[in-house]
Every structure is written in C-alpha cells, then in structure tokens.
Amino acid sequence: MPTVLPVSLRGSGTGHGRLVLIAVVTCTVLSLAGLLMPRWLSFLLTMAAANGLVSLGIVGLMRGGVVPFGQGMMLAAGGYAAALAYNHLGFTDALGMALIGGVAAALVAAPFAPLLSRYRGIFFAMLTLALSMVTYGLLMKLDFLGGSDGFNMGRPTLFGQQLPDGRVVYTLYVLAMVLATVMALLARIFFDSTRGLVTLAVKENELRVEYLGGSVRQAMTINFILAGFCGGIGGALAVMALGHIEPNFSFWTTSGEFVFVAILAGWQSVAAVFVASTLLEVVRSFSGAYFPNTWQLVLGIFLLLVIRFLPGGIGSLWMGKKRK
C-alpha cells in the first residue's frame, strides 16, 4: 500500500542548494585551516568528525523516539572491517576503507533491525546495549582478531598514492572533513524527505502514522541500518587515525559517549552533532590534562548545564530561531 501523508508531512525535496553551498564553503575553509593547525589539533578534529558520524546515526534514531546505547558495536564493526581489509586483503585506500567500514556495519545492523524496530524506550536501549556488550565479549575472546589487545594497522594510502610522513595526519583530517560534510548533507536531505518526516511523526503518534498508510517498523528498520552505516564510517576513520583497533570500541562506556554527544547536540540540527562532538573532545582533552582524576565529573557537570539551560540541545540555538 503506498504511503499517503498530509502535506505537512511531505518533504519538499528542494531548497537544499544554499545548504550545499554553505557546506562546501565550510569544508573548504576547514581543510585550508588544517594547513596552519598543529598536528594535535588536526588529530583532535579528525576524531571529533569520526565520533560525530557515529552520533549522527543516534540522532537519526532519536528523531523516531528511541535512543540506542549500543552504537559502539557499529563503531567496532566499521573499525575491525577496515583494519582487516588492510591487514589481510591488502586494501589500503583510506576512502575505500571508510566505505568498507560503513557497509560492514550496515550489514551487521541489518539482521537485528527488524527485531529492534518493534521496541521503544528502555527496551530498545537495553537491547542495543546488550548487543554491543555481546560483541565486546566476542572480540575479547577471538584470538584471530587480537583478543583483548586488538591489533595495529599500517599507514593508509589515498587514490593509490603513498602518504608522506608529514602529511598523514593532515590527509586523514581532510578526508574526515569531506566525509563528515557529505554525510551531514545526506542526513539533512533525508531528514527533510517524506521518509524522514515520517520518522518525526512516529515519535509523536505511531498509530496515526499507520492509519495514514505509513509503516512504523519499516521506518525504524531503515533508520537503524542507516545509523549503522554512519557508525561504521566513523569507526573506520577512527582506526585509521589511531592506527590501532581493540574491543573497547564496543564497550558500553564508548556507546555512552556517543549518546552524550547526541543529547548535547539535540535532534534538530545536523551541524550541531559535529559541534557537540568537537566540544566533547576539547573538554575531555583539556580536563584530562588538568584534572586527570576527575575529567568524567567535568563532563557530567557540562552535560547537566546544557540540559538545564539548553534542553533542546545546541542545535536549538539556531534551529529554534528559524522556526519562529
């Protein structure tokens, strides 16, 4: 049965030209700024972009009223797939490994998506957390994946070219900026499409969506698989930047950090996800340097302040004004 929705829930499919222009200019400026950045800052922003991609998938699910606490599984799936492709298949292209990571995580998510699409609230959160921790347990025990120590991967190439010693960090930084920009644009377009607006309707009233001809389970299944794809790309980027993969990628505290970023950003704005991810990396880095034993406390206080004064997340600072 075709989906029949009122005009208010139909995506226009147009009006993204200005958004694309802004995204291209921003990506270009950030890429050029990387030439002047110290290596530590380029690395920090690369990790922020990688983690932001994982949290972007969470935001897509939050728009449907559910919060996954198991995105670490997607991060690990993408990271292990990229590292295995490098070490065992000899595939070293950075862009290709990022896509391999995304596809691998989407394939991992696909079998569980129809089941998880039936659950909401704490049940959805706990099921995703359980899947992530099962993955963590398996990774700890599998010797051919390095066990608890994980394993290293070498320096990636880009379009068949070896990366010079002094340009590895910058090249990965630019790749992360480009992939984050592309995925953010695709996410925004998807959120504004008919199917993306159906997800918002699911959050408000599932029964009404079904009456209008939409499929709630289909929408949530697709969102979960897309969240896996985003998480896999983020995992591959993180592994290439770190040069190492380990089971802690799938641990529950890692998943919690991604939820932290999603809550900090809010569900309204895609750009806010990457702003929040960058803030998390900055706060964690500097609080870890100056308050090594209490940096988690600093993060907790920071989140409480945001929830108190910006309950809609960082994105509400500008998205709220647009809607008025």
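Quick note: structure is the one above.
Residues numbered from 1 in each chain as written. Predicted model: local features only at pLDDT ≥ 70, side-chain atom pairs only at ≥ 80, totals over all residues. Heavy atoms only, no water.

A. Fine view of the overall build of the protein. Secondary structure summary: the protein contains 14 helices and four strands in total. Taken over the C-alpha trace, the protein has a radius of gyration of 19 Å; the compact-globule value for 324 residues is 20 Å, and the two agree within 12%. Dimensions along the principal axes, computed over C-alpha positions, put the protein at roughly 55 × 45 × 40 Å. Out of the 324 residues belonging to the protein, those deemed buried represent 49%. Here the protein has roughly 15,500 Å² of accessible surface; of this, 69% comes from carbon and sulfur atoms. For the protein, the separation between the mean place of its 20 positive charges and that of its 11 negative charges on side chains is 13 Å. (Helix = DSSP H or I, 4+ residues; strand = E, 2+ residues; numbered from the N terminus. Rg over C-alpha atoms; globule rule 2.2 N^0.38 Å. Buried < 20%, exposed > 50% of the residue type's maximum accessible area, 1.4 Å probe, protein only. Areas by Shrake-Rupley, 256 points an atom, 1.4 Å probe, with all protein chains shown as cover. Lys, Arg positive; Asp, Glu negative; His and termini not counted. Charge placed at Lys NZ, Arg CZ, Asp CG, Glu CD.)

B. Representation of the state of the cysteines in the model. Using the criterion set out here, one finds zero disulfides in the structure. The thiol of Cys 27 is unpaired, and the distance to the nearest cysteine sulfur, on Cys 230, comes to 16 Å. By relative accessible area, which is 10% here, Cys 27 ends up buried. (Disulfide = S-S within 2.5 Å.)

C. How the structure looks around the nonpolar core. Among the nonpolar cores identified, the biggest contains 69 residues, and Leu 56, Leu 237, Met 240 and Phe 274 are the most heavily contacted of them. Every element with two or more residues in this core is listed here: helix 2 (39-62), helix 3 (71-89), helix 4 (94-109), helix 7 (168-192), helix 10 (216-242), helix 11 (252-265), helix 12 (271-290) and helix 13 (295-309). Top contributing element to this core by residue count: helix 7, with 13 residues. Apart from residues no more than four positions distant in its own chain, Leu 56 is found in contact with Met 183, Ala 184, Ala 187, Cys 230, Val 270, Val 273 and Phe 274. In this structure, Phe 124, Val 198, Val 216 and Ala 219 belong to the second largest nonpolar core, which totals 20 residues. (Core = buried A, V, L, I, M, F, W, Y, C linked by side-chain atoms within 4.5 Å. Contact = heavy atoms within 4.5 Å.)

D. A look at the packing of aromatic side chains. A full pass over the atoms with the stated rule returns six aromatic pairs. Ring centres of Tyr 80 and Phe 151 lie 5.9 Å apart, and the angle between their planes is 65°; on these two criteria the pair is classed as edge-to-face. Here Tyr 80, found in helix 3, pairs with Phe 151, found in strand 1 (residues 151-152); they are 71 residues apart in sequence, far enough to count as distant. Ring centres of Tyr 170 and Tyr 173 lie 6.3 Å apart, and the angle between their planes is 35°; this geometry places the pair in the tilted category. Placement of the pair is Tyr 170 and Tyr 173 together in helix 7, with a separation of three residues, close to one helical turn. Take Tyr 170 and Tyr 173: they sit in the same class, and that class is buried. In this structure an aromatic cluster arises from ring pairing among Tyr 136, Phe 251 and Trp 252. Against the face of Tyr 170 rests Arg 167, its NZ or CZ located 5.5 Å from the ring centre. Just above the ring of Phe 309 sits the side chain of Arg 308; from NZ or CZ to the centre is 5.1 Å. (Phe/Tyr/Trp six-rings, centres within 6.5 Å; stacked < 30°, edge-to-face > 60°. Lys NZ or Arg CZ within 6 Å of the ring centre and 35° of its normal.)

E. Broad picture of the environment of Gly 70. Mapped onto the secondary structure, Gly 70 falls in the loop between helix 2 and helix 3. Judged by relative accessible area, Gly 70 falls into the buried class, the value being 4%. Separated by 214 residues in the primary sequence, Gly 70 and Arg 284 place their C-alpha atoms 21 Å from one another. Not counting the four nearest positions on each side in its chain, Gly 70 is found in contact with Thr 128, Leu 129, Ser 132 and Ser 255.

F. Just the pattern of salt bridges, in detail. For the structure shown, the criterion picks out four salt bridges. For the salt bridge of Arg 284 with Glu 281, the shortest nitrogen-to-oxygen distance reads 2.4 Å. Here the residue Arg 284 and the residue Glu 281 both occupy positions in helix 12, the gap between them amounting to three residues, near one helical turn. Judged by its relative accessible area of 7%, Glu 281 falls in the buried class. One network of salt bridges, in which partners are shared, links Glu 257, Glu 281 and Arg 284. (Salt bridge = Lys/Arg side-chain N within 4 Å of Asp/Glu carboxyl O.)

Geometry only, nothing functional implied.
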